[in-house]
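Here are the chains, one letter per residue:
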Amino acid sequence: MTITRGITLRIILDSRGKKTVEAEVRTENGFGRAAAPGGASTGIYEAVVRDPSDAVSDATIQVIPHLIGVDVSDQIGFDSLLHEIDGTGNFSRIGANVAVALSLAASKAAADSRNIPLWQHIGGVFVAHAPRPLGNVIGGGAHAPYATEIQEFLVVPTGCERVRDGIFANARVHALVRELLTKRGISTGKGDEGAWAPPISDPDAFEVLSEAADIASDEAGFEISPGIDVAASQLYDPESGMYRYRDGRLRSSEDQVTYIADLIDEYELVYVEDPLYEEDYAGFAALNRETGNRCLICGDDLFVTNKKRIQDGLTQGSTNCVLIKPNQIGTLTDTFEAIDIAQRNGLETVMSHRSGETEDTTIAHLACAFNCVFIKTGVVGGERTAKLNELIRIEESIYERK
Ligand SMILES: O=C(O)[C@@H](CO)OP(=O)(O)O
Ligand SMILES: [Mg+2]
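Thresholds, definitions, all that
Within each chain, residue numbers correspond to sequence positions counted from 1 in written order. Going through the entries in the order they are written, you letter the chains from A and number the ligands from 1. Side-chain atom pairs in this predicted model are given and counted only at pLDDT of 80 or more, local residue features only at pLDDT of at least 70, and totals for whole chains, interfaces and linings cover all residues. UniProt positions are given in the numbering used here, feature names are shortened, and annotations may be inferred rather than shown by experiment. In DSSP terms, a helix is any run of H or I states spanning at least four residues, a strand is any run of E spanning at least two, and both are numbered starting from the N terminus. This entry defines residue contacts through backbone-placed C-beta atoms, with two residues in contact when those atoms are within 7 Å. Here the C-beta atoms are placed from the backbone, and a residue counts as buried if at least 20 other C-beta atoms lie within 10 Å of its own, exposed if 12 or fewer do, and partly exposed otherwise. Any two strands with at least two DSSP-identified bridges between them are counted as paired. Here, axes are lines fitted to C-alpha atoms. For helices the fit covers the stretch in contact, and angles between N-to-C directions go from 0 to 180 degrees. For the purposes of this analysis, a nonpolar core is taken to be any set of buried Ala, Val, Leu, Ile, Met, Phe, Trp, Tyr and Cys residues that are connected through C-beta atoms within 7 Å. Orientation is classified from the angle alone, with under 35 degrees giving roughly parallel, over 145 giving roughly antiparallel, 65 to 115 giving roughly perpendicular, and any other angle giving oblique. Should the near helix be turned anticlockwise from the far one by less than a right angle, the crossing is termed left-handed; should it be turned clockwise, right-handed. Ten residues, namely Ala, Val, Leu, Ile, Met, Phe, Trp, Tyr, Cys and Pro, are considered nonpolar, four, namely Asp, Glu, Lys and Arg, are considered charged, and the remaining ones, Gly among them, are considered polar. By definition, a residue lies near a molecule or strand when the C-beta atom built from its backbone is within 6 Å of it. Domain delimitation follows an automatic or database domain assignment. Expected span of a helix, by definition, is 1.5 Å for each gap between consecutive residues, and there is one gap fewer than residues.

## Here's the deal with the UniProt feature "binding site: substrate" (unreviewed entry) in the protein
Reasoning step 1: Residues annotated by UniProt as "binding site: substrate" (unreviewed entry) correspond here to His143, Glu152, Glu273, Asp300, Ser352, His353, Arg354, Ser355 and Lys376.
Reasoning step 2: With respect to the helices, strands and loops of the structure, histidine 143 is situated in the loop between strand S4 (132–139) and strand S5 (152–156).
Reasoning step 3: If sequence neighbours within four positions are ignored, histidine 143 has contacts with Ala40, Gln151, Gly191, Asp192, Glu193 and Ser355.
Reasoning step 4: Positionally, serine 352 belongs in strand S13 (residues 348–352).
Reasoning step 5: Given 26 C-beta atoms within 10 Å, serine 352 falls into the buried group.
Reasoning step 6: Setting aside chain neighbours within four positions, we find serine 352 in contact with Leu323, Ile324, Lys325 and Lys376.

Laid out in structure tokens, this is it:
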């Protein structure tokens, strides 16, 4: 039976030590638990996160009673009920943190009631592989003060056969970056996602990243490629309409496109996320036209996992890739719809964590079920490795089935 018998909401800690929402859904013979992550460089069009304590006490009275006796095997029905109760279109009444925790916990209860893992419940019988891990090894921006200007310097094991080996290779790059920085006498604190947060310039970070990736690649015997998340909304100054850099330099949208295109060529980047700020569909399109044949140009703050915004991006040719964060949109059904419109129109999808995370491993299952090309999870830290280790287990089950 997949009818909800009990639902619990509680406040737990996230990896930044902030409060967040956890939901538990029980059916007669199934149980699901999920927690909401939290962003630091959030997009302005994301579904609305409420104060966790207020949201949980309100939802306990106003939401949970409506969800008892509901069939969790009908995920679309469950999620539209959440929208109906909320009534705002952006979850500003019940809170996107409450909504996403409930929606994901319901899907896990449904999977558990069927006695199968979540990836299989959602993806069905033809899930053929796990996504490659996109790991953050050097970072700054909104995730670490006085570090790099670009928010994330990433690596992805583009040449690995087994995802498991790629996960270990990313960890090796992470360790090598520390060695290289230490050799140069540079301190190695960490940012919110476990990436090193050294007080160095972006060109220096690229240099260290390339060197570490080359060494790890030689050791592993497969290609490890670099990427970045610029998180350019954080650099954009709406008053001047320019991107404002620390050295006082201002870049127009055109300058920013040239700057990023040059970085793509100089460092052979295979992935660039949010190179322009969250309203600049045209700037994204210019970069995508110029470099989309050799690099994934990915929208995060631009799309916020919202199918309408992805449609706008499609119309303008803004990107060839979409970042997917379930908590940006609030339910699993909305997440599916965003992925569906992207993939049906030939865009790649990347499943992503948030900078504030919990030990929740749901995104590892979703990334496999939805056939995402990469999963962005970070490289080290319990809340990051929880997802990577789950990916190792899922990949093993997929292989055993073949
Ligand atoms: O910008 C991003 O892609 C994310 C995750 O890396 O950061 P945040 O969760 O702070 O928005
Ligand atoms: Mg981003």
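Having put the structure on the table, let's press on.
## Here we look at the sheet that holds strand S3 (residues 31–35)
Reasoning step 1: What the 3 strands build is an open sheet, ordered S1-S2-S3; its pairing is antiparallel. Every interior strand has two partners, whereas the edge strands, strand S1 (4–13) and S3, have only one. Here the average twist between neighbouring strands, direction ignored, is 15°.
Reasoning step 2: Inspection of the sheet shows strand S2 (residues 19–27) paired to S3 by 5 bridges, in the antiparallel sense. Looking at the pairing, alanine 23 lines up with alanine 34 of S3.
Reasoning step 3: Sheet strands touched by helix H1 (residues 52–62): S1 and S2. Its angle to S1, the strand with the most contacts, is close to 165°.

## Quick look at the nonpolar core
Reasoning step 1: With 122 residues, the main nonpolar core has Val98 and Ala101 as its most contacted residues.
Reasoning step 2: Looking at this core, the element that brings in the most residues is helix H4 (residues 96–113), giving 12 residues.
Reasoning step 3: Excluding residues that lie within four positions of it along the chain, alanine 101 makes contacts with Val21, Glu22, Ala23, Ala34, Ala35 and Ala36.

## Regarding the packing of helix H6 (residues 163–183) against helix H14 (residues 382–401)
The description of two packed helices rests on the angle between their axes and on the distance between the axes.
Reasoning step 1: For the pair H6 and H14, the least separation of the axes is 9 Å and the interaxial angle reads 160°. Classified by the interaxial angle, the pair formed by H6 and H14 is roughly antiparallel. With respect to the hand of their crossing, H6 and H14 are arranged in left-handed fashion. Residues Val163, Arg164 and Ile167 of H6 form the contact with H14, whose participating residues are Leu388, Leu391, Ile392 and Glu395.
Reasoning step 2: Its residues assigned to classes, the contact of H6 with H14 shows 5 nonpolar, no polar and 2 charged.

## Focus: the UniProt feature "binding site: Mg(2+)" (unreviewed entry) in the protein
Reasoning step 1: This chain's UniProt record puts "binding site: Mg(2+)" (unreviewed entry) on Asp229, Glu273 and Asp300. Taken together, the annotated residues stretch across 72 residues yet fold into one region, lying no more than 9.1 Å apart by C-alpha.
Reasoning step 2: The topology assignment puts aspartate 229 in strand S6 (residues 225–229).
Reasoning step 3: You can call aspartate 229 buried: it has 27 C-beta atoms within 10 Å.

## Some remarks on the sheet that holds strand S8 (residues 242–244)
Reasoning step 1: Ordered by their spatial adjacency, 3 strands build an open sheet running S7-S8-S9, and the pairing between neighbours is antiparallel. If you trace the sheet from one side to the other, it starts and ends with strand S7 (236–237) and strand S9 (250–251), each paired once.
Reasoning step 2: Here S7 pairs with S8 via 2 bridges, running antiparallel. Paired with aspartate 237 across the strands is methionine 242, a residue of S8.

## Regarding the site of ligand 1
Reasoning step 1: In the neighbourhood of ligand 1, 14 residues make up the surrounding shell, with Gly39, Ala40, Ser41, Arg354 and Ser355 lying closest.
Reasoning step 2: Its residues placed into classes, the shell around ligand 1 shows 3 nonpolar, 6 polar and 5 charged.
Reasoning step 3: Residues from two domains meet in the shell around ligand 1; each of domain 1 (4–115) and domain 2 (123–401) gives at least three.

## Focus on the pairing of S13
Within a regular strand, side chains alternate between the sheet's two faces.
Reasoning step 1: With 4 of 5 residues buried, S13 is to be regarded as a mostly interior element.
Reasoning step 2: Sheet analysis places strand S12 (residues 321–324) next to S13, joined by 4 bridges and oriented parallel. Across the sheet, leucine 323 pairs through a bridge with valine 350, a residue of S13.
Reasoning step 3: Relative to strand S14 (residues 374–376), S13 is paired through 3 bridges, and the arrangement is parallel. Along S14, the bridge assignment pairs valine 350 with phenylalanine 374.

## Focus: helix H12 (residues 332–344)
Reasoning step 1: Its 13 residues give H12 an end-to-end C-alpha distance of 18 Å, which sits within 8% of 18 Å, the value for a rise of 1.5 Å per residue.
Reasoning step 2: Taken together, the buried positions of H12 are Leu332, Asp334, Thr335, Phe336, Ala338, Ile339 and Ala342.
Reasoning step 3: For H12, the secondary structure elements touched by its buried residues are helix H3 (75–86), H4, helix H10 (307–316), S12, helix H11 (326–329) and S13.
Reasoning step 4: Phi for glycine 346, located one or two positions after H12, is positive at around 85°.

## Structural notes on unusual backbone geometry
Reasoning step 1: Look at glutamate 268: it is not a glycine, yet its phi comes out positive at around 50°.
Reasoning step 2: Mapped onto the elements of the fold, glutamate 268 is located in the loop between helix H8 (253–267) and strand S10 (271–273).
Reasoning step 3: Of the residues examined, glutamate 268 has 12 C-beta atoms within 10 Å and is grouped as exposed.
Reasoning step 4: Even without being a glycine, valine 304 presents a positive backbone phi close to 45°.
Reasoning step 5: Among the structural elements, valine 304 can be located in the loop between strand S11 (296–299) and H10.

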